[in-house]
Amino acid sequence: MRTYHFPLDLVRERSPERPVALVRPAAVAVAAQWFQDNLKADVFYAVKANPSRWVIEALVAQGVTGFDVASLAEIELVRSVMPEARLAFMHPVKSRSAITKAYFDHGVRTFSLDCEDELQKILDCTAGATDLNLIVRMAVSAEGAAYTLSGKFGVSPDQAPSLLLSVRRAVIDGLMGVSFHVGSQCMRPSAYQAAMAQIGRSITRAGVFVDIVDVGGGFPSVYPGMVPPDMSEYADAIHRGFNEMPVSETTELWCEPGRALVAEASSVLCQVELRKGDALYLNDGSYGSLFDATHSRWPFPTKLVRDGESSGELKAFQFYGPTCDSIDHMPGPFWLPADIREGDFIEIGMLGAYGVAMSTGFNGYGEHDLAVVEDAPMASLYGLAPRSIPTVRTTDEEAARKVVRLSRPKGRAGQRKKSRR
Ligand SMILES: *Cc1c(COP(=O)(O)O)cnc(C)c1O
């Protein structure tokens, strides 16, 4: 992988025809360091947020050894970078063959589940193994998150006590744990504490002892119109929640951050293929790395990367992707110089999480190149760049009204809720 100081160096040298994922491994290291220094929890990186090899390598170099995996492909990827990694198979629904191969071929010992049938499946497929760590995924409320993750998985509070008892009985020499996910891009630190209180009540009702409390992912990043509280508030809420739980001194605290470790660390460089008024037709779109720009209408931050002068005045643009599908539309608004034209390159920031990871090959598009860049991300919760991205970038009143309408906060956290991930 080539390294460039700035994205513009790459544009000057290569004028890339395909979209390029601009990656910043140093930003992954800084984020991982924050978790290592500030959260008294073992870190398991949720690989699905960005399953790129350079991410796994950057984390391993930073001393992260735990990985939350959800498929055999993710298991094989992590094992190929770090054979001795601690893998937690945290998908609550796994095929029998995936469980068997994970346990016997890849040495996975930690599995999550949210019902009796899945427990039985895991026990059957591991042939009476005594060294399993079994984690019960609990459903919790997703107040304040952009995406709820309890819609599909998690045992409800009324069924939790009996499942906790069954799992406690099934664990022999391994560990028994509980996990939850407050929802992705969680803007309220208190959601963790509330979830831990709810789970604590289920543990008390079941009368079991738990060895692991896994607070899952959900840690946020910065997007236009979404400035999360300081990360220290998340650590405080989790530590408080843990202290109030019916656990002992030997109970381990785990976390599974995805987005927060990688969001800042990658942007995408794409090219304008046509301009029609305020619409820019790009070579990347909703079937590529801009899923959230379409389906959640997230107005990701943008920069013109042009070798030469541009007008200082910014204007609101919308994007269309390269496929023939009308869904391939990103409403934005994306703020770019008013004189942007065909052939220009645009860097779209904060796409390290659920960006390139979501790419499909639909309509023959979706392939990306990769290059390392050394400049700062467009925003950062870890001090690498400003903590916020302005939503309105102009004094033009009409444009400003349009922005406010498109990104008006819904409820206190300013998020819409959707079921995904
Ligand atoms: C997706 C996922 C994560 C990571 O979530 P983020 O919101 O990206 O931090 C962690 N754990 C599980 C079980 C997940 O499904």
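Residues numbered from 1 in each chain as written. Predicted model: local features only at pLDDT ≥ 70, side-chain atom pairs only at ≥ 80, totals over all residues. Heavy atoms only, no water.

1. Digging into the environment of lysine 94
- If you trace the backbone, lysine 94 turns up in the loop between strand 5 (86–89) and helix 5 (96–104).
- Between the C-alpha atom of lysine 94 and that of lysine 121, which follows or precedes it by 27 residues, the distance is 8.8 Å.
- Contacts of lysine 94, omitting those with residues within four sequence positions, involve Phe89, Ile99, Phe111, Ser112, Glu118, Lys121 and Ile122. (Helix = DSSP H or I, 4+ residues; strand = E, 2+ residues; numbered from the N terminus. Contact = heavy atoms within 4.5 Å.)

2. What to know about the state of the cysteines
- A complete count under the given rule lists zero disulfides for this structure.
- Considering cysteine sulfurs only, cysteine 125 is the nearest to cysteine 115, which forms no disulfide, with 13 Å between them.
- By relative accessible area, cysteine 115 is classed as partly exposed at 32%.
- Looking at cysteine 270, it has no disulfide partner, and the nearest cysteine sulfur is the one in cysteine 324, 18 Å off. (Disulfide = S-S within 2.5 Å. Buried < 20%, exposed > 50% of the residue type's maximum accessible area, 1.4 Å probe, protein only.)

3. What to know about the site of the ligand
- Lys48, Ser184, Glu256, Arg259 and Tyr354 are the nearest of the 13 residues found near the ligand.
- Between the ligand and aspartate 68, the relevant distance is 3.0 Å, taken from a nitrogen atom to a side-chain nitrogen or oxygen of the residue.
- Between the ligand and glutamate 256 there is a distance of 2.5 Å, counted from a nitrogen atom to a side-chain nitrogen or oxygen. (Near = heavy atom within 4 Å. Polar contact = N/O pair within 3.5 Å; in protein donor to acceptor, adjacent residues only side chain to side chain.)

4. Focus on helix 8 (residues 190–206)
- End to end, helix 8 covers 25 Å across 17 residues, agreeing with the expected 24 Å (1.5 Å per residue, within 8%).
- Taken residue by residue, helix 8 has Ala191, Tyr192, Gln193, Ala195, Met196, Gln198, Ile199, Gly200, Ser202, Ile203 and Ala206 as its buried positions.
- On its buried side, helix 8 packs onto helix 7 (160–170), strand 9 (176–179), strand 10 (184–186), strand 11 (212–214), helix 9 (231–243) and strand 12 (252–255).
- Backbone geometry just downstream of helix 8 places glycine 207 in the positive-phi region, at approximately 65°. (Expected span 1.5 Å × (residues − 1).)

5. Points about the environment of arginine 169
- Within the secondary structure layout, arginine 169 lies in helix 7.
- Along the primary structure arginine 169 and proline 229 are separated by 60 residues, whereas in three dimensions their C-alpha atoms are 40 Å apart.

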